[in-house]
Amino acid sequence: MKNLRMKLARVEKDLSQEQLAQIVGVSRQTIGLIELGKYNPSLSLCVAICKALSKTLNDLFWEE
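Residues numbered from 1 in each chain as written. Predicted model: local features only at pLDDT ≥ 70, side-chain atom pairs only at ≥ 80, totals over all residues. Heavy atoms only, no water.

Some words on the pattern of salt bridges
Okay, so step 1: Evaluated as defined, the whole model comprises 1 salt bridge.
Okay, so step 2: Between E35 and R10 there is a salt bridge, with its nearest N and O atoms 2.6 Å apart. Remark: R10 occurs in helix α1 (residues 4–12) and E35 occurs in helix α3 (residues 28–36); sequence separation between them is 25 residues. (Salt bridge = Lys/Arg side-chain N within 4 Å of Asp/Glu carboxyl O. Helix = DSSP H or I, 4+ residues; strand = E, 2+ residues; numbered from the N terminus.)

This is the structure:
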């Protein structure tokens, strides 16, 4: 399942995939795969992404 909420939060912060990747310490490809729903990030990576985007885990990763 695509993570459109994460992509939207990233765009709202005016960050590219590359910029977000640098902030959280992963490759741009990893961010792209998470947004496409083709990579299941670790909890620590989820938390780092949430902090970088000023969102909660529920905001970005909880499936409704």
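That shown, we press on.
Things to note about the UniProt feature "domain: HTH cro/C1-type" (unreviewed entry) in the chain
Okay, so step 1: The UniProt feature table records "domain: HTH cro/C1-type" (unreviewed entry) at residues 6–60.
Okay, so step 2: Structurally, residues 6–60 comprises 71% helix and 0% strand, and the distance from its first C-alpha atom to its last is 5 Å. (UniProt positions renumbered as here; feature names shortened; annotations may be inferred.)

Things to note about the side chain of Q17
Okay, so step 1: The topology assignment puts Q17 in helix α2 (residues 17–24).
Okay, so step 2: One polar contact links Q17 to R28, side chain to side chain, over a distance of 3.1 Å.
Okay, so step 3: Excluding anything up to four places from it in sequence, Q17 contacts R10, R28, I31, G32 and E35. (Polar contact = N/O pair within 3.5 Å; in protein donor to acceptor, adjacent residues only side chain to side chain. Contact = heavy atoms within 4.5 Å.)

Focus on α2
Okay, so step 1: Among the residues making up α2, those that are buried are Q17, L20, A21 and V24. Looking down the long axis of α2, one finds its buried residues gathered within 100 degrees of arc, a one-sided arrangement. Away from its buried face, by an angle of more than 90 degrees, α2 presents the exposed residues Q22 and I23.
Okay, so step 2: On its buried face, α2 sits against α1, α3 and α4 (43–53).
Okay, so step 3: A positive backbone phi angle near 80 degrees is found at G25, which sits one or two residues after α2. (Buried < 20%, exposed > 50% of the residue type's maximum accessible area, 1.4 Å probe, protein only. Arc of directions from axis to C-beta.)

Regarding α4
Okay, so step 1: Every buried residue of α4 is listed here: L45, C46, I49, C50, A52 and L53. One face of α4 carries all of its buried residues, which in axial projection span an arc of 165 degrees. Facing away from the buried side of α4 by over 90 degrees, the exposed positions are L43, S44 and K51.

Considering the nonpolar core
Okay, so step 1: Judged by nonpolar contacts, the single largest core of 14 residues is most densely connected at M6, L20, V24, I31, I49, L53 and L60.
Okay, so step 2: At the level of elements, α1, α2, α3 and α4 are the ones that each hand at least two residues to this core.
Okay, so step 3: Non-local contacts of V24, meaning those with residues more than four positions away in its chain, are made with I31, L45, A48, I49 and A52. (Core = buried A, V, L, I, M, F, W, Y, C linked by side-chain atoms within 4.5 Å.)

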